[in-house]
Structures are given as C-alpha cells and as structure tokens.
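If you want the building blocks of each chain, they are given just below.
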Amino acid sequence: MFSSFAFIALVVLATAVLFLLILAGARFYSPSKILCPHCRNKSLECVNWILANPPPNYSFFRCGECRAEYVQVQFEQQMIPRAGSEWEHDRGWDI
Ligand SMILES: [Zn+2]
C-alpha cells in the first residue's frame, strides 16, 4: 500500500520537475526581446533577417506593444525607423 503511494508521489513529483525544466528551457532558448526606442517596453522582436549581397546584412524589428518597426544594419547598434528608410517597401516585412 505504501509503495504504491510512494510510486504515485514519485511520478507526480517527477512530472512537476520535468514541467518546470521544460518551462525554464523554453524561457532560456526563446529569442530575447529588445528595448523599443519608441515606447520603452522590452517588446522589440526580430521579424526577419536579410542576408544581403553585397553586405551589410540587416534585421527587421517590430514592437509587440506599439507595433513600431525598425531596421538594424549588421555591426551597427542604431535602430533606424522603417518609415522613410530605404527598407520601407522591402518585401521582407510581409511575413
Ligand atoms: Zn514599442
């Protein structure tokens, strides 16, 4: 009687630990969000990354809160607003 209770408790505990490990792993491996220059929330996500030929490569970002859109050229820290930039009508946004 005790052994079956201990077995069930062990299974429940192991399931809970596994669930927590999966949550921690998902949190660790999920893409990190960046501070949005417009609304100051940490909600800026990379929506596309373009391998340009000729270089430099560039990334498209969209804020999950205010929907602001930015372009970041590789090796440069500056976030360029999409509107008015040379990437304004780039098809890479439509994903
Ligand atoms: Zn924002």
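Quick look at the structure, then. (Residues numbered from 1 in each chain as written. Predicted model: local features only at pLDDT ≥ 70, side-chain atom pairs only at ≥ 80, totals over all residues. Heavy atoms only, no water.)

**A short note on the sheet that holds strand β3 (residues 69–73)**
Phase 1: Spatially, β1-β2-β3-β4 is the arrangement adopted by the 4 strands of the open sheet, whose pairing is antiparallel. This sheet does not close on itself; its edge strands, each paired only once, are β1 (44–50) and β4 (80–81).
Phase 2: Bridge count for β3 against β4 is 2 bridges, and the pairing is antiparallel. Its bridge partner being in β4, Tyr70 is matched across the sheet by Pro81. (Pairing = 2+ DSSP bridges. Helix = DSSP H or I, 4+ residues; strand = E, 2+ residues; numbered from the N terminus.)

**Notes on the packing of aromatic side chains**
Phase 1: A complete count under the given rule lists 3 aromatic pairs for this structure.
Phase 2: Pairing Phe60 with Trp93 gives two aromatic rings, centres 4.2 Å apart and planes at 15°, and the pair type is stacked. Taken together, the residues span a long stretch of sequence, with Phe60 in strand β2 (residues 58–63) and Trp93 in the segment after β4 at a distance of 33 residues. Neither residue differs from the other here; Phe60 and Trp93 are each classed as buried. (Phe/Tyr/Trp six-rings, centres within 6.5 Å; stacked < 30°, edge-to-face > 60°. Buried < 20%, exposed > 50% of the residue type's maximum accessible area, 1.4 Å probe, protein only.)

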